[in-house]
Amino acid sequence: MSLLEVLPIALLGALLGLDVVSFPQAMISRPIVAATAAGAFIGNPPGGLLIGVVLEMIALDTLPFGASRYPEWGSAGVVGGALFASQPGGMPGALPACLLAALLTASISGWSMVMLRRMIAGRLARTRDQLEAGSRDALLLLHLSGMSLDLLRGALVTIVAMAIFAPLVRAIVAVWGSESAASHAVVVVIAAIVAGGALWKVFHSVRHVLWFFAAGLLVWSALLITR
Amino acid sequence: MTTVSPARDLPLRVKLGMYFRLFALQGSWNYETLNGTGVGFAIEPALRLLPGGLNGQQYRAALARESRYFNAHPYLAGVAVGALTRAELDGVEASRIERFRTALAGPLGSVGDRLVWASWLPFCSLVAIGVYGAGGTALAVVGTFLLLYNAGHFLLRAWGLRIGLSRGLNVASALGNPVLRQGPVYIGRAAALVGGVALPLALQRIVGPGRVLVGGIIVAAFIGIVLLALLRERAEGWRIALGVLAVFVLYSVLT
């Protein structure tokens, strides 16, 4: 991928990275949206959607509670979607390799958010006297610079991740040894386990929840039979 | 006993300004003041109405006070922003406002986390995954998710600001709203129901039609889910996924 091709992806990564915490938290940063949008940028929305759905299942495990540290899925979804959507069709290693790249990006990007928050705290400490004096300018500068830095953070993470993972994924896909069905099956099993485990973690305290899940499975079975 | 002063009717442009700023509430989120500076940022347009305006002593004192440490779920922070605006404009004494801020932070965080992050978000994700499993196009899947999720999101922020502005320091009773108290239970059950249909449908679509693998995948997934559920908080599923995937990729490259 040339720099000209990466720049729109980086801009998308920046905007969706911003959505995770800073603005507007409309969940356009969820992987199911981010990866699909990146796929659309590449000209392959269904490809972006496929990896987006897999990433979304895994992302169910990490809900953004308060000050907890979690992976950043906005930029990671963009990287995963762009990488997968740009692979030729029918390559067995494409999905696992791109998913691995997206998960690593999410982890690194989560760390970059922690760094950004520390940086903002540092700026806050330097302007504390002005803030305590009720300076509007100091508050606006702190707030708007925090958002600008977050935008920059998302762009940098996306550019660096694309620069590292685009050639790496290409190389992995070229020498991939496992057969297509098995490769997809492993990815799907991983995603299903994480999603199921996440749902249990989140909802296990809700009374009768297993019955509702079982009812859902029954509906699925009925659909399977009648189709 | 707390007295309620008549609701102060803010100009529409001020209310809209505050509502828009609520979406950027976490723009300067940090580990020291959490979203305190964001509350100051969101409340600032209303503080200009204080006697003396932008250069007045009251404005500066209120802005400093409202920009200190605060923690709330971002979608429900509007409740605090509205209530604190009303208190500042009604001239409530500073010590009382500070006590109110401290008291309100915890409940707004826990109620919002339960309702939004641990209920509404997973529910909307599962619905979108279900639309994908049912054969939906990219536009249908993304559109369903964004419209459904943000219908709740935008309404919750607007409700929070409105209730805060109208009730002022008496806003705590609004947290007893049935949607906030019982919502997570009902949404949780709905999410479980949707998850039971959506996850296998999506897995089928990813693997492809007519594959005998589907049965094996579901059995393997079921065993994995039980093991992961037994581990509970001791294991993070996404980290396990990363590790297993890395090993699988390495194996597939080396063989």
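Parameters at a glance
- Residues numbered from 1 in each chain as written.
- Chains lettered and ligands numbered in written order.
- Predicted model: local features only at pLDDT ≥ 70, side-chain atom pairs only at ≥ 80, totals over all residues.
- Heavy atoms only, no water.
- Helix = DSSP H or I, 4+ residues; strand = E, 2+ residues; numbered from the N terminus.
- Expected span 1.5 Å × (residues − 1).
- Contact = heavy atoms within 4.5 Å.
- Patch = residues over 30% accessible without salt bridge, like charges linked within 9 Å, V, L, I, M, F, W, Y side chains within 5 Å.
- Areas by Shrake-Rupley, 256 points an atom, 1.4 Å probe, with all protein chains shown as cover.
- Salt bridge = Lys/Arg side-chain N within 4 Å of Asp/Glu carboxyl O.
- Buried < 20%, exposed > 50% of the residue type's maximum accessible area, 1.4 Å probe, protein only.
- 1 Å grid on protein atoms, 1.4 Å probe; cavity = no way out; pocket = protein on both sides within 12 Å on 5 of 7 lines; lining within 4 Å.
- Points joined across faces, edges and corners; volume = space filled by probe spheres on them.
- Nonpolar A, V, L, I, M, F, W, Y, C, P; charged D, E, K, R; others polar.
- Buried area = accessible area lost by both parts, 1.4 Å probe.
- Polar contact = N/O pair within 3.5 Å; in protein donor to acceptor, adjacent residues only side chain to side chain.
- Phe/Tyr/Trp six-rings, centres within 6.5 Å; stacked < 30°, edge-to-face > 60°.
- Lys NZ or Arg CZ within 6 Å of the ring centre and 35° of its normal.
- Arc of directions from axis to C-beta.
- Axes fitted to C-alpha atoms, helices over the stretch in contact; angles between N-to-C directions.
- Parallel < 35°, antiparallel > 145°, perpendicular 65-115°, else oblique.
- Left-handed = near helix turned anticlockwise from the far one by under 90°.
- Domains from an automatic or database assignment.
- pLDDT = per-residue confidence, 0-100.

Caption draft 1: Structural context of helix α8 (residues 213–231) of chain B. Taking 1.5 Å as the rise per residue, α8 of chain B with 19 residues should run 27 Å; its terminal C-alpha atoms sit 27 Å apart, in good agreement. The inward-facing, buried residues of α8 of chain B contact α8 (180–203) of chain A together with α7 (178–207) and α9 (237–254) of chain B.

Caption draft 2: Up close: a nonpolar patch on the surface. Residue and element names in this part refer to chain B. Taken together, the side chains of Val 219, Phe 222, Ile 223, Val 226, Leu 227 and Leu 230 make up a nonpolar region of the molecular surface, amounting to roughly 610 Å² of accessible area. Along the chain, the position of Phe 222 falls in helix α8. Judged by its relative accessible area of 58%, Phe 222 is exposed.

Caption draft 3: Quick look at empty space enclosed by the protein. Residues and elements named next belong to chain A. Counted according to the given criterion, the structure contains 4 cavities of 30 Å³ or more. As a volume, the largest cavity reaches approximately 110 Å³. Lining the largest cavity are Val 20, Met 27, Ser 29, Arg 30, Pro 31, Thr 62, Pro 64, Tyr 70, Pro 71, Trp 73 and Gly 74. Here the residues of the lining of the largest cavity are counted per class, giving 7 nonpolar, 3 polar and 1 charged.

Caption draft 4: Examining the interface of chain B and chain A more closely. If you look at the interface, chain B gives 96 residues, while chain A gives 98 residues. In total, chain B and chain A occlude about 8200 Å² of area from one another, counting both sides; carbon and sulfur atoms represent 76% of this. Linking chain B with chain A are 3 salt bridges. Across the pair Glu 44 of chain B and Arg 136 of chain A runs a salt bridge whose closest N-O atoms are separated by 2.7 Å. Taken together, chain B and chain A are joined by 18 residue pairs in polar contact (both at pLDDT 80 or more).

Caption draft 5: Seen up close, the packing of aromatic side chains. Inspection of the entire model under this criterion finds 10 aromatic pairs over all chains. Here Trp 73 of chain A and Trp 238 of chain B contribute two aromatic rings whose centre-to-centre distance is 6.4 Å and whose plane-to-plane angle is 80°, an arrangement assigned as edge-to-face. Here Trp 73 of chain A is found in helix α4 (residues 73–85), whereas its partner Trp 238 of chain B is found in helix α9 on a different chain. Here Trp 73 of chain A matches Trp 238 of chain B in class, with each residue buried. Grouping aromatic residues by their ring pairs yields a cluster made of Tyr 75, Trp 117, Phe 145 and Tyr 149 of chain B. For Arg 157 of chain B, the ring lying beneath its charged end belongs to Phe 23 of chain B, and the centroid distance is 4.7 Å. Geometry around Tyr 132 of chain B places Arg 205 of chain B over its ring, the cationic atom sitting 4.2 Å from the centre.

Caption draft 6: Representation of the side chain of Thr 36 of chain A in the model. Along the chain, the position of Thr 36 of chain A falls in helix α2 (residues 31–42). A relative accessible area of 5% means that Thr 36 of chain A is categorised as buried. With sequence-adjacent residues up to four places away left out, Thr 36 of chain A is seen in contact with Pro 31, Pro 45, Gly 48 and Leu 49 of chain A together with Ala 138 and Val 142 of chain B.

Caption draft 7: Structural view of helix α9 (residues 209–226) of chain A. End to end, α9 of chain A covers 26 Å across 18 residues, agreeing with the expected 26 Å (1.5 Å per residue, within 8%). If you check which residues of α9 of chain A are buried, you get Val 209, Gly 216 and Trp 220 of chain A. All buried residues of α9 of chain A lie within an arc of 40° about the axis, which places them on one face of the element. Those residues of α9 of chain A that are exposed and angled more than 90 degrees off the buried face are Leu 210, Trp 211, Leu 218, Ile 225 and Thr 226 of chain A. Those residues of α9 of chain A that are buried are in contact with α8 of chain A together with α7 and α8 of chain B.

Caption draft 8: Molecular detail of the packing of α8 of chain A against helix α5 (residues 94–133) of chain B. Between α8 of chain A and α5 of chain B, the least distance of the axes is 11 Å, while the angle of their chain directions is 150°. By the criterion of interaxial angle, the relationship of α8 of chain A to α5 of chain B is roughly antiparallel. Considering how the two elements wind past one another, α8 of chain A and α5 of chain B form a crossing that is left-handed. Across the interface between the two elements, Leu 199, Val 202 and Phe 203 of chain A from α8 of chain A touch Ala 118, Ser 119, Pro 122 and Leu 126 of chain B from α5 of chain B. Here the contact of α8 of chain A with α5 of chain B is built from residues that sort into 6 nonpolar, 1 polar and no charged.

Caption draft 9: A look at the side chain of Ser 125 of chain B. Of note, Ser 125 of chain B is situated in helix α5. By relative accessible area, Ser 125 of chain B is classed as buried at 0%. Side-chain polar atoms of Ser 125 of chain B contact the side chain of Glu 56 of chain A, separated by 2.5 Å. Once you skip the residues sitting within four places of it in the chain, Ser 125 of chain B turns out to touch Arg 30, Glu 56 and Leu 60 of chain A together with Phe 145 of chain B.

Caption draft 10: Region of the structure containing the domain arrangement of chain B. Residues and elements named next belong to chain B. Along its sequence, chain B is organised into domain 1 (6–104) and domain 2 (110–162 + 175–254). Taking only C-alpha atoms, the centre of domain 1 and the centre of domain 2 are 35 Å apart. Across the contact, 14 residues belong to domain 1 and 15 residues belong to domain 2. Together domain 1 and domain 2 conceal approximately 1400 Å² of surface at their shared face, both sides included; 75% is due to carbon and sulfur atoms.

Caption draft 11: Region of interest: the confidence of the model for chain B. Summary statistics for chain B give a mean pLDDT of 92 and a share of 95% for residues scoring 70 or more. Confidence over residues 1–7 of chain B falls short of pLDDT 50; this stretch has 8 contacts with residues more than four positions distant or in other chains.

Caption draft 12: Representation of the layout of surface pockets within the structure. Its boundaries defined by the atoms lining it, the largest pocket holds a volume of some 630 Å³. In terms of lining residues, the largest pocket is bounded by 23 residues, among which Gly 196, Leu 210 and Phe 213 of chain A together with Phe 222 and Ile 225 of chain B are the most central. Going through the elements one at a time, α8 and α9 of chain A together with α7 and α8 of chain B are the ones with two or more residues in the lining of the largest pocket. The greatest single-element share of the lining of the largest pocket, amounting to 7 residues, is contributed by α8 of chain B.

Caption draft 13: How the structure looks around the environment of Leu 49 of chain B. Residue and element names in this part refer to chain B. Inspection of the secondary structure puts Leu 49 in the loop between α2 (36–47) and α3 (57–66). For Leu 49, a relative accessible area of 33% translates into the label partly exposed. Each C-alpha atom, one on Leu 49 and one on Arg 181, is 35 Å from the other, the two residues being 132 residues apart in sequence.

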